[in-house]
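Chains, contacts and geometry: an overview
What follows is each chain in one-letter form.
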Amino acid sequence: MTDRPTGEPLVRLSGVNKWFGDLHVLQDIDLTIDRGEVVVVIGPSGSGKSTLCRAINRLEAIQDGEITIDGTRLPDEGKELARLRSDVGMVFQSFNLFAHKTVLQNVTLGPTTVRKQPKAEAERRARELLDRVGVGAQADKVPAQLSGGQQQRVAIARALAMDPKVMLFDEPTSALDPEMINEVLEVMTALAHDGMTMVVVTHEMGFARRAANRVVFMDAGRIVESATPETFFTHPTSDRAKDFLSKILNH
């Protein structure tokens, strides 16, 4: 498989619109994400951030517009969608691990069933990834025996096991106790530094400053600003972003 020209964005959203009933939650969204780019999406509650994240792998259907991953348009349903979706890793607010399976089984399930990897190879890779996210010693436990921070790191390893082209994080630390947040953010920061393409919806401004290449600020279903962290945090251009930042950075 030849590499596409580097000018081709890995993820492209063009004219994307989404309604929930009468509520227009995504309004004419245009966004491109390059290979190896870390885009952090921030904004007030209800601004459409999580919906945007979930639309990228069609967990939320869109009514209008187009989304492409690595140059291929996301179909609405069927096997082709499942194949493309397996290229997009997703980490949720809740960890969504299978409660009755061990940590190791949780991580090997996708590669053995979807990617048809031999079990021994999938287990070797899973153990590498669990070590990488700092929970290798927990491989034979079930999720209930782990802390929230450990479970979320397992969820990251599980997504990485599919060898995704892009990783989506939808408020991955918002269900965690404060002392567990950093252990998850450290794993995400390391991934960012390793060149993983990432879209991260988060309230963690420190992570945005430290790991993002670009901050996308959303309000009322629209992208209001898109800038480097340095520019966004020091010189936001819109009144909406200035107001948002003054509220969160002064607490």
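Per an unreviewed UniProt entry, the recorded name for the chain is ABC-type polar-amino-acid transporter, and the organism is Modestobacter italicus. The UniProt entry for the chain carries the following text under Subcellular location (unreviewed entry): "Cell membrane". Quoted straight from UniProt, the Sequence similarities (unreviewed entry) entry for the chain says "Belongs to the ABC transporter superfamily."

Some details on the pairing of strand β1 (residues 11–20)
Two strands pair when backbone bridges link them, and β1 and strand β2 (residues 23–33) are joined in this way by seven bridges, in the antiparallel orientation. Paired with Phe-20 across the strands is Leu-23, a residue of β2. Counting the residues that bridge the hairpin from β1 to β2 gives two residues, and of these Gly-21 lies at a positive phi of roughly 60°. Note: β1 against strand β4 (residues 64–69), five bridges, orientation antiparallel. Each bridged residue has a counterpart across the sheet, and for Val-11 the counterpart in β4 is Ile-69.

Quick word on the packing of aromatic side chains
All chains considered together, the criterion is met by three aromatic pairs. Judged by centre distance (5.2 Å) and plane angle (50°), the rings of Phe-217 and Phe-244 are tilted. One end of the pair, Phe-217, is in strand β9 (residues 214–219); the other, Phe-244, is in helix α9 (residues 239–249), and 27 residues separate them in sequence. Summarising the burial analysis for this pair, Phe-217 and Phe-244 share the class buried. For the ring pair Phe-232 and Phe-233, a centre distance of 5.4 Å and an interplane angle of 80° mean the geometry is edge-to-face. Exposure remark for Phe-232: the relative accessible area of 0% places this residue in the buried category. On the basis of relative accessible area, Phe-233 is assigned to the buried category, the value being 9%. Three or more aromatic residues link up through ring pairs in this structure, and these residues are Phe-217, Phe-232, Phe-233 and Phe-244. Looking at Arg-209, its charged tip hangs above the ring of Phe-233, at a distance of 4.5 Å from the centre.

A closer look at the sheet that holds strand β10 (residues 222–227)
Spatially, the six strands line up as an open sheet ordered β6-β7-β8-β3-β9-β10, and their pairing is mixed. Because the sheet does not close on itself, it has two edges, and the strands there are β6 (88–91) and β10. When strand polarity is set aside, the average angle formed by the axes of neighbouring strands in this sheet is 20°. Relative to β10, β9 runs antiparallel, the two sharing five bridges. Across the sheet, residue Asp-219 finds its bridge partner in β10, namely Arg-222. Contacts between helix α6 (residues 178–193) and the sheet are confined to β3 (38–42), β7 (166–170) and β8 (197–201), with β8 contributing the most and set at about 145° to the helix. Contacts from α9 reach β3, β9 and β10, with the element oriented near 100° to β9.

Observations regarding the nonpolar core
Grouped together as the largest cluster of nonpolar side chains are 50 residues, with contacts concentrated most on Leu-130, Ile-156, Met-167, Phe-169, Met-188, Met-198 and Phe-232. No other element matches the eight residues that α6 contributes to this core. Excluding its chain neighbours within four sequence positions, the residues that come into contact with Leu-130 are Val-103, Leu-104, Val-107, Val-135, Gly-136, Ala-139, Val-154 and Ala-157. One finds Val-16, Val-41, Met-90 and Met-218 within the second-largest nonpolar core, a separate group that totals 29 residues.

Let's talk about the UniProt feature "domain: ABC transporter" (unreviewed entry) in the chain
Per the UniProt record, "domain: ABC transporter" (unreviewed entry) is annotated on residues 11–245. Split by type, residues 11–245 is 37% helix and 26% strand. Its first and last C-alpha atoms lie 27 Å apart.

Let's talk about the layout of surface pockets
In this structure, the largest pocket encloses a volume near 590 Å³. Lining the largest pocket are 21 residues; nearest its centre among them are Val-88, Met-90, Gly-110, Arg-158 and Met-162. Where the lining of the largest pocket is concerned, the elements lending two or more residues are α2 (79–85), β6, α3 (103–113) and α5 (148–160). Element by element, the count of residues in the lining of the largest pocket is highest for α3, at five residues. For the lining of the largest pocket, the residue count by class is 12 nonpolar, seven polar and two charged.

Criteria and cut-off values
- Residues numbered from 1 in each chain as written.
- Predicted model: local features only at pLDDT ≥ 70, side-chain atom pairs only at ≥ 80, totals over all residues.
- Heavy atoms only, no water.
- UniProt positions renumbered as here; feature names shortened; annotations may be inferred.
- Pairing = 2+ DSSP bridges.
- Helix = DSSP H or I, 4+ residues; strand = E, 2+ residues; numbered from the N terminus.
- Phe/Tyr/Trp six-rings, centres within 6.5 Å; stacked < 30°, edge-to-face > 60°.
- Buried < 20%, exposed > 50% of the residue type's maximum accessible area, 1.4 Å probe, protein only.
- Lys NZ or Arg CZ within 6 Å of the ring centre and 35° of its normal.
- Axes fitted to C-alpha atoms, helices over the stretch in contact; angles between N-to-C directions.
- Contact = heavy atoms within 4.5 Å.
- Core = buried A, V, L, I, M, F, W, Y, C linked by side-chain atoms within 4.5 Å.
- 1 Å grid on protein atoms, 1.4 Å probe; cavity = no way out; pocket = protein on both sides within 12 Å on 5 of 7 lines; lining within 4 Å.
- Points joined across faces, edges and corners; volume = space filled by probe spheres on them.
- Nonpolar A, V, L, I, M, F, W, Y, C, P; charged D, E, K, R; others polar.

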